[in-house]
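# Remarks on the overall topology
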2 protein chains.
Amino acid sequence: MRHEVGDRHPRRSSLSRRYLLEAAADQGLLAGTAMIAHGRGEAFDYLLGERTSEAARRATGQAAALLAAATSPIISVNGNTAVLAGRELLECAALLSCSLELSIFYRTPERMTGLLALLAGQRDESAGVPPTGWTGGDGSWAEAVTAVPILGANDDGRIPCLDGPRARCETAGILSADAVLVPLEDGDRCEALVGMGLPVVVIDLNPLSRSARMADVTVVDEVSRFASNLRDLLLQTPPDVDEDWDNDACLQDSLRLIANRFLG
Amino acid sequence: MRHEVGDRHPRRSSLSRRYLLEAAADQGLLAGTAMIAHGRGEAFDYLLGERTSEAARRATGQAAALLAAATSPIISVNGNTAVLAGRELLECAALLSCSLELSIFYRTPERMTGLLALLAGQRDESAGVPPTGWTGGDGSWAEAVTAVPILGANDDGRIPCLDGPRARCETAGILSADAVLVPLEDGDRCEALVGMGLPVVVIDLNPLSRSARMADVTVVDEVSRFASNLRDLLLQTPPDVDEDWDNDACLQDSLRLIANRFLG
C-alpha cells in the first residue's frame, strides 16, 4: 500500500519510477549499486525540474536523426533502462528495424535471464497495442515489434580496450553496429565505445559525467521520458542529421539550467 | 573482489560508503528506497566536491554549540546514518552525555533488531579505542561511551502532527529532549520536529530540500564527515552559540558553491 502514489502528487512520475526499480530489485533483477545509481539520477532530474528541457529536445532530435541515418544501429540497455524504458526502446528498435542488446554491469546468469524475460514480456505487450501515431495496421505493428532481436545472452564478443565483464557483448550486436544508443552508461564503457569509432548517443542526467562529455550526442534527460520522445520522433519523418552539431554547447545549456536552480 | 577500492582512487571514500550500504542492504538492514536515497546524496556530494565546505564547517560549529548548550539533547539516526556514521555519532553522544535514538522510515521488526545490534556493536568497538583528542583515561572513555543509551526499540511515544510509523518514538528520547540532531531526515518528520518547538539540527546534502530549509541549523555535508567533525569539536571546548545565526545565509553559500560547479 505504501507504494501507491496519489494522482496529484507533484513528483508522481519520479516516485513511480522509484517503486518500479524497488520491485525489480526485490525480484533480484538489479544490484544494490543499481539502486544507488538511480538515486544519483533522481537528484539530477530533480534539479532539472523532472521535465525534458529544450536542450534535451534538441539532443533527442539529433539522436533520432543519427540512428535513422545509420545502416545498422543498435540500442544497448542495462538493467535500470530495461525496467524503466524497455518497452519504449523496443518500440524504437521496431521503428529503426534494429536490435536491442542487454548489457549489465554486474553480470550474473540470474539477472541476465530475468531481465531478458522482462524485455521479451515488454515486447509481447507492445505487440498488442500499436503506439499512438503508428499509421500502419495493428498486424504490421505486431510484426515489426515482434521481429526486434533481443540480444545479450550470447556474449561471444568483447568491446576492445575494456576489461572485465562489462566488455562482454554479442558479435551480432554492438560489434556489427554503425551507431549505438547507450542509455545510463558508465564512463569506461562509453570511452571504449567512442574508441571503436562509431557515433555514440548517451542518455545521462549528469551533464558533468565522463559519459556525457565523451559522447557524440548527449541527451540530458530521464531515460523513460527520452525513450518516449525518441519513439514519437521516429514515428514521424525523422529529422535530418545536423552536421554542425555542437554537443558541448548543448551540454552547457543543461549546465546553466541546473546552475540557475541553485541560484534561484 | 569487486568491492575493493584502490587506495589512490579519487573517489575512494565515496565508493567505500557505497559498498558499506550495499553490504547492509544485503543483510536486510535497509529498504531499497534507502539505497536510492543514498544515491541522491551521492550526487549532491559529488557536486560539493566530496569534501566539507567552509559553510558546512560553520554550521557544524553552530550545531556543536547548540547541542553542548542543551540540557537534554538527543541524536536521532535512521538506517543509512547508523551504517555510515553510527560509531562517530555514538561517540558524540558520549561526549554530550546524551542518548541516541534509532528511527527508521520503513519500520520492520527485523530491520529494527538488526540495526540496534549494529549500533550496540559499534558502541562496543568504540569503547576499546578512545578517539584522538580524548584527554581522559582509557577506562573513563569506555565508561562514557558504554553509558550511551541506544533507544528506539520501545516506541511508546508519538511525534505530534505526524502520521504513520515515522511518528513512532520513545517518550524517554525525542519527546524528552530540548535539542535534536536529525541526520538525513525526511521533510514531513523534520517539519513535525520543528513544530515541537525544539531546536532542530539537520544534516542534508541537498540544500534545496524541505528539511534543509526548515531546520534551525542545516549542515550541508556528508553524514560521516559531519559526524567526525562534530566529534572533534566536542572533544575540545565547545564553541559558543551564535545568537545571530543566519541559516538561510549559510544555505545560500552552499547553493552558490554547487552552482559554480555547473558554471565552471
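On a predicted model such as this, the values are computed, not experimentally measured, just so you know. (Residues numbered from 1 in each chain as written. Chains lettered and ligands numbered in written order. Predicted model: local features only at pLDDT ≥ 70, side-chain atom pairs only at ≥ 80, totals over all residues. Heavy atoms only, no water.)

The next thing to look at is the pairing of strand E6 (residues 179-183) of chain A. All names here are of chain A. Judged by how many residues are buried, E6 sits mostly within the fold: five of five residues are covered. Side chains of E6 alternate between two faces, with Ala179, Leu181 and Pro183 and Val180 and Val182 buried alike. In this sheet, E6 lies alongside strand E1 (residues 73-77) in parallel orientation, the contact comprising three bridges. Bridging across to E6, Ile74 finds its partner in Val180. (Buried < 20%, exposed > 50% of the residue type's maximum accessible area, 1.4 Å probe, protein only. Helix = DSSP H or I, 4+ residues; strand = E, 2+ residues; numbered from the N terminus. Pairing = 2+ DSSP bridges.)

We now examine helix H1 (residues 12-26) of chain A. The first and last C-alpha atoms of H1(A) sit 21 Å apart over 15 residues, in line with the 21 Å expected at 1.5 Å per residue. All of the buried residues along H1(A) are Ser14(A), Leu15(A), Arg17(A), Arg18(A), Tyr19(A), Leu21(A), Glu22(A) and Ala24(A). Buried-residue contacts for H1(A) involve helix H2 (32-47), helix H4 (79-96) and helix H9 (223-235) of chain A together with helix H2 (32-47) of chain B. Immediately downstream of H1(A), the backbone of Gly28(A) shows phi near 80°, a positive value. (Expected span 1.5 Å × (residues − 1). Contact = heavy atoms within 4.5 Å.)

With that out of the way, let us pick up the environment of Leu21(B). Residue and element names in this part refer to chain B. Within the secondary structure layout, Leu21 lies in helix H1 (residues 12-26). Linking Leu21 and Met35, residues 14 residues apart in sequence, is a C-alpha distance of 7.2 Å. Not counting residues within four places of it along the chain, the set of residues in contact with Leu21 comprises Leu30, Met35, His38, Asn80, Val83 and Leu84.

Facing the 29 residues of chain B at the interface are 29 residues of chain A. Contact between chain B and chain A buries roughly 2,500 Å² in total, counting both sides, with carbon and sulfur atoms accounting for 73%. The largest per-residue losses of area from chain B upon contact with chain A belong to Ile36(B), Leu208(B) and Phe262(B), which jointly make up 26% of the total buried on that side. Here chain B is connected to chain A by two salt bridges. We note a salt bridge from Glu42(B) to Arg40(A), for which the minimum N-O separation is 2.5 Å. Linking chain B to chain A there are ten residue pairs in polar contact (both at pLDDT 80 or more). Put simply, the parts of the chain that give the side of chain B that touches chain A at least two residues each are H1, H2 and helix H10 (247-263) of chain B. In terms of residue count, the dominant contributor to the side of chain B that touches chain A is H2(B) (twelve residues). (Buried area = accessible area lost by both parts, 1.4 Å probe. Salt bridge = Lys/Arg side-chain N within 4 Å of Asp/Glu carboxyl O. Polar contact = N/O pair within 3.5 Å; in protein donor to acceptor, adjacent residues only side chain to side chain.)

Residues and elements named next belong to chain B. With respect to the helices and strands, the residue Leu119 is situated in helix H5 (residues 109-128). Along the chain, Leu119 and Ala82 lie 37 residues apart, while their C-alpha atoms are 6.7 Å from each other. With residues near it in sequence (within four places) discarded, Leu119 still touches Val77, Ala82, Gly86, Leu90, Leu100, Leu102 and Ile150.

This brings us to the relation of the copies chain B and chain A. A rotation about some axis, followed by a shift along it, carries one copy of the chain onto the other. Placing chain B over chain A gives an RMSD of 0.0 Å and needs a rotation angle of 180°, together with 0.0 Å of translation along the axis. Between the two chains, the operation in question is that of a two-fold axis. (Least-squares fit on C-alpha atoms with pLDDT ≥ 70 in both.)

Our next topic: the nonpolar core. Of all hydrophobic cores here, the largest spans 105 residues; its most connected members are Ile75(A), Leu89(A), Ile75(B) and Leu89(B). Leave out the neighbours within four places in its chain, and Ile75(A) touches Leu89(A), Cys92(A), Ala93(A), Leu96(A), Cys98(A), Ser99(A), Leu100(A), Glu101(A) and Leu181(A). In terms of nonpolar packing, the next biggest core, distinct from the first, is built from 28 residues, Leu48(A), Val220(A), Leu251(B) and Phe262(B) among them. (Core = buried A, V, L, I, M, F, W, Y, C linked by side-chain atoms within 4.5 Å.)

All right, on to the pattern of salt bridges then. Residue and element names in this part refer to chain A. For the coordinates displayed, the defined rule picks out 34 salt bridges over all chains. Put simply, Asp188 and Arg210 hold a salt bridge, and the shortest N to O gap is 2.4 Å. Note that Asp188 is positioned in helix H7 (residues 187-195) and Arg210 in helix H8 (residues 210-214), a separation of 22 residues in sequence. Taking the shortest distance from any N to any O, the salt bridge between Asp232 and Arg231 comes out at 3.6 Å. Asp232 sits in the partly exposed class, given a relative accessible area of 33%. Connected through shared salt-bridge partners, Arg17, Asp45, Asp221, Glu222 and Arg225 make up one network.

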